[in-house]
Amino acid sequence: MKLEKDEKKQVFGVTPFLLLLSLPFLCVGADFLWGNRITFHQWMQNFTGVEAATKKVDDKKFINFHLARLVRGEDRRELDDTGFACHRAFHSVHCVSTKPVRIDTRNMTVYVPSDNEWENETVVRPYPWQGYAVNEISHVRIIQYSNATAPPPCDFRHRVPAVVFSSGYIGNTYHEMSEIIIPLYITTRHFQSRVAFVVEDYKPSFFAKYNAIITRLTAHEVINPAANAAAVHCFPASVVGLKYHGILKVNSTDIPGGYGMPEFKRFLREIFSLTYSHVSEIPRPRLLLLSRTKSRKFLNEDEMIAMMQEVGFEVVVVRGSNLATMARLVNSCSVIVGVHGAGLTNDVFMAKGGVVVQVEPLGTEWISKVMFGDTARAMGLHHLLYKIEEEESSLVKLYGRNSSVVIDPASVYRGGGYMTARAVFIDQQNVKINLARFRSSIVEALSIVTD
């Protein structure tokens, strides 16, 4: 009896499914029987149209869900209520629209429909860190228009949201990675490449350098407004500006999906096919020395290399390389040594447990700590700071042993501000390492990676 009941259940369970499956064919048959004839091809077109409409709804849900994750608190409530919100933080702003937008690349104006009777205009410089170089960034106007206003007609229609940002303030790996690539990752990674980038202040060199990363974050061709001067692009939604967490920082508590710096490093490791995820996997102690050719040079570099080899390291000297090559070199080394500077940003490619030895010149105490000390530890790396003494700085010869530049670097900041101090401590200073003192840092680094 049990078998008979089960069979009945199966019959009654399958029958509705078969009826549903046959309905379209019954409808087609009815059309032929009662004279309202349609072809099978026409019927399939109608069926495909329903499927496309369903997909469009699903895409809209996907877009809105991920856009909403870019704002919180009052900004999130405003986005839910009006379809538009801007989040403003220290040195950073990004605006989100879940409504369809039109971007006029002739003047970089974003038109967003509004339920209000009056227009509202917001001006954004779409660069994550808006510090002393903010005037170098072109602005974007966002106009929330009423029904009475007719925005320009569309020349191109896109099915994915626009992400508008600037590549304006670039020139070294630190600014590019900290202020564009990481914020771009934070803002767009969760969209699974279903976004289109519209780039103000387009720099071909930047996109050539970071093409491997850019093409993992978008499946669409990057739009350069300068190359499409007379075009209006229409999108189902938009983000103007990028979400920014801080210097070389990915904050897992404030990012869609909850991923942080470990996930970002894994993202880079996959892109560049890097071999090592932990320093213990590297076969022998290998040290990468960042050799500078302009300011902040090691004046006794050859002697430093000999000492490092004597301690027990295979030493690799790098004086500049393309990003992919640098990524693989850094990943193959258990220790990286360099004077405070943009080259240390390449520690994003280091295997977990590696050591960053940062040489701190005079007058760079705070920026050395914030830029590469705190961030290295957040990446799962060890950070050793070698703070030079006055006699190791070329500024002694340049300004004199008793000058305020040497004995009171802070006075230079107080007297002339950051740019004045930068001209002295960043642009004019070289170092001659005290090998006896520095040896202890190298020995410590070796003990960490071979423990």
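Rules used throughout
Residues numbered from 1 in each chain as written. Predicted model: local features only at pLDDT ≥ 70, side-chain atom pairs only at ≥ 80, totals over all residues. Heavy atoms only, no water. Helix = DSSP H or I, 4+ residues; strand = E, 2+ residues; numbered from the N terminus. Buried < 20%, exposed > 50% of the residue type's maximum accessible area, 1.4 Å probe, protein only. Contact = heavy atoms within 4.5 Å. Areas by Shrake-Rupley, 256 points an atom, 1.4 Å probe, with all protein chains shown as cover. Pairing = 2+ DSSP bridges. Axes fitted to C-alpha atoms, helices over the stretch in contact; angles between N-to-C directions. Phe/Tyr/Trp six-rings, centres within 6.5 Å; stacked < 30°, edge-to-face > 60°. Lys NZ or Arg CZ within 6 Å of the ring centre and 35° of its normal. Disulfide = S-S within 2.5 Å. Core = buried A, V, L, I, M, F, W, Y, C linked by side-chain atoms within 4.5 Å. Salt bridge = Lys/Arg side-chain N within 4 Å of Asp/Glu carboxyl O. Polar contact = N/O pair within 3.5 Å; in protein donor to acceptor, adjacent residues only side chain to side chain. Parallel < 35°, antiparallel > 145°, perpendicular 65-115°, else oblique. Nonpolar A, V, L, I, M, F, W, Y, C, P; charged D, E, K, R; others polar.

Quick word on the overall build of the protein
Item 1. Regarding its fold elements, the protein presents 14 helices and 16 strands.
Item 2. Across the 451 residues that make up the protein, the buried fraction comes to 50%.
Item 3. For the protein, long-range pairs separated by at least 24 residues make up 74% of all intrachain contacts whose partners lie at least 6 apart in sequence.
Item 4. Carbon and sulfur atoms make up 54% of the accessible area of the protein, which totals about 22200 Å².

Side note on the sheet that holds strand 12 (residues 286–290)
Item 1. The strand order 13-12-14-15-16 describes an open sheet built from five strands, whose pairing is parallel. Among the strands making up the open sheet, the edge pair consists of strand 13 (314–318) and strand 16 (382–387). Looking at each pair of strands side by side, their axes are set apart by 20° on average, direction ignored.
Item 2. Pairing geometry for strand 12 and strand 14 (residues 335–339), over three bridges, is parallel. Within the sheet, the bridge partner assigned to Leu-288 lies in strand 14 and is Ile-336.

With respect to the packing of aromatic side chains
Item 1. For the coordinates displayed, the defined rule picks out twelve aromatic pairs.
Item 2. Measuring from ring centre to ring centre gives 6.4 Å for Tyr-111 and Tyr-145, while their planes differ by 65°; the resulting arrangement is edge-to-face. Of this pair, Tyr-111 sits in strand 4 (residues 109–113) while Tyr-145 is found in strand 6 (residues 140–145), placing the two residues 34 residues apart along the sequence.
Item 3. The exposure class of Tyr-145 is buried, given its relative accessible area of 11%.
Item 4. In this arrangement the basic side chain of Arg-194 is found over the ring face of Phe-62, its NZ or CZ atom lying 3.8 Å from the centre.

What about unusual backbone geometry?
Item 1. One non-glycine residue with positive phi stands out, namely Ser-273, at about 50°.
Item 2. The backbone of Arg-296 sits at a positive phi, close to 60°, despite the residue not being glycine.
Item 3. Mapped onto the elements of the fold, Arg-296 is located in the loop between strand 12 and helix 8 (301–311).
Item 4. A relative accessible area of 9% places Arg-296 in the buried class.

Points about the state of the cysteines
Item 1. Here the structure, examined in full by the defined rule, presents two disulfides.
Item 2. Note on cysteine connectivity: Cys-86 is disulfide-linked to Cys-95, with sulfurs 2.0 Å apart. Across the S-S bond linking Cys-86 and Cys-95, the dihedral sits near 105°, which makes this disulfide right-handed. For the pair formed by Cys-86 and Cys-95, the shared burial category is buried.

Digging into the nonpolar core
Item 1. Core analysis: the biggest nonpolar cluster contains 68 residues, and Phe-165, Met-177, Phe-197, Ile-213, Phe-264, Phe-272 and Phe-349 have the highest contact counts within it.
Item 2. Looking at which element gives the most residues to this core, the answer is helix 4 (residues 173–188), with eight residues.
Item 3. Not counting residues within four places of it along the chain, the set of residues in contact with Phe-264 comprises Met-177, Ile-181, Ile-182, Tyr-185 and Val-250.

Details of the sheet that holds strand 7 (residues 156–157)
Item 1. Spatially, six strands are ordered 5-6-4-3-10-7 in an open sheet, and the strand pairing comes out mixed. Strand pairing shows two members of the sheet lacking a second neighbour, strand 5 (120–124) and strand 7, which therefore form its edges.
Item 2. Across five bridges, the pairing between strand 5 and strand 6 is antiparallel. For Thr-122, the partnering residue across the bridge sits in strand 6 and is Ile-142.

Some thoughts on the pattern of salt bridges
Item 1. Inspection of every chain in the model, using the stated rule, returns 19 salt bridges.
Item 2. Across the pair Lys-99 and Asp-115 runs a salt bridge, and its minimum N-O distance is 3.8 Å. Of this pair, Lys-99 sits in the loop between strand 2 (92–97) and strand 3 (101–104) while Asp-115 sits in the loop between strand 4 and strand 5; the two residues are 16 residues apart in sequence, bridging distant segments of the chain.
Item 3. For Asp-115, a relative accessible area of 69% corresponds to the exposed category.

Description of the side chain of Glu-301
Item 1. Looking at where Glu-301 falls in the secondary structure, it is placed in helix 8.
Item 2. Judged by its relative accessible area of 9%, Glu-301 falls in the buried class.
Item 3. Of the polar contacts made by the side chain of Glu-301, one reaches the side chain of Ser-291; its length is 2.7 Å.
Item 4. Contacts of Glu-301, omitting those with residues within four sequence positions, involve Leu-289, Ser-291, Val-317 and Arg-319.

Here's the deal with the packing of helix 4 against helix 7 (residues 261–271)
Item 1. Contact geometry for helix 4 and helix 7: axes closest at 11 Å, N-to-C directions at 95°. Put simply, helix 4 runs roughly perpendicular to helix 7. Note on element contacts: helix 7 touches helix 4 through Met-261, Glu-263, Phe-264 and Phe-267, opposite Met-177, Ile-181, Ile-182 and Tyr-185.
Item 2. Residue composition of the contact of helix 4 with helix 7, by class: seven nonpolar, no polar and one charged.

So, to be careful, I would describe these as geometric facts and stop short of saying anything about function.
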